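Structure at a glance
So you can see what is in the structure, the chains are spelled out below.
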Amino acid sequence: GLKPLSKSLERLEEELQEQGYEIIDYTGLKYSENMSVKAQFVPSDDLEEGQSIISKVLVPQINFKGVSIRMADVEVSVG
């Protein structure tokens, strides 16, 4: 049941891209104060002090024809 669901999601994403929408996934990127995201910070023992990594995307950023129409909500792990 998981493979058909995965294929359906891929088709939906392709169709949205054809219409000019883009879904941005920030997972795993270094967090910077100048990013246009709504961030929640959680401490992490796995990171070095001062290091900040986006560990989870709660709501992805959505762009329409290159313009952001929905800001991302992310969880940032902080060392």
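Residues numbered from 1 in each chain as written. Predicted model: local features only at pLDDT ≥ 70, side-chain atom pairs only at ≥ 80, totals over all residues. Heavy atoms only, no water.

With respect to the nonpolar core
- The biggest cluster of nonpolar side chains holds 8 residues, and these are Ile24, Tyr26, Tyr31, Val37, Ile54, Ala72, Val74 and Val76.
- The greatest single-element share of this core, amounting to 3 residues, is contributed by strand β6 (residues 72-78).
- For valine 74, the residues in contact, after removing those within four places along its chain, are Val37, Lys38, Ala39, Gln40, Ile54, Lys56, Val57 and Leu58. (Core = buried A, V, L, I, M, F, W, Y, C linked by side-chain atoms within 4.5 Å. Buried < 20%, exposed > 50% of the residue type's maximum accessible area, 1.4 Å probe, protein only. Helix = DSSP H or I, 4+ residues; strand = E, 2+ residues; numbered from the N terminus. Contact = heavy atoms within 4.5 Å.)

Quick notes on unusual backbone geometry
- A positive phi is found at lysine 65, a non-glycine position, where the angle reads about 50°.
- Judged by its relative accessible area of 63%, lysine 65 falls in the exposed class.

A few points about the side chain of serine 77
- Positionally, serine 77 belongs in strand β6.
- The buried category is assigned to serine 77, whose relative accessible area is 13%.
- Only 3.0 Å separates the side chain of serine 77 from the side chain of serine 55, close enough to count as a polar contact.
- Ignoring sequence-local partners within four residues, the contact set of serine 77 consists of Val42, Ser44, Leu47, Gln51, Ser52, Ile53 and Ser55. (Polar contact = N/O pair within 3.5 Å; in protein donor to acceptor, adjacent residues only side chain to side chain.)

With respect to the sheet that holds strand β5 (residues 67-70)
- Strand order in this open sheet of 3 strands is β1-β4-β5, and the pairing throughout is antiparallel. With one partner strand each, in any of the chains shown, β1 (21-24) and β5 form the two edges of the open sheet. Sheet twist, expressed as the mean angle between neighbouring strand axes with direction ignored, is 35°.
- Here β1 pairs with strand β4 (residues 61-64) via 4 bridges, running antiparallel. By the bridge assignment, glutamate 22 is partnered in β4 with asparagine 63. (Pairing = 2+ DSSP bridges. Axes fitted to C-alpha atoms, helices over the stretch in contact; angles between N-to-C directions.)

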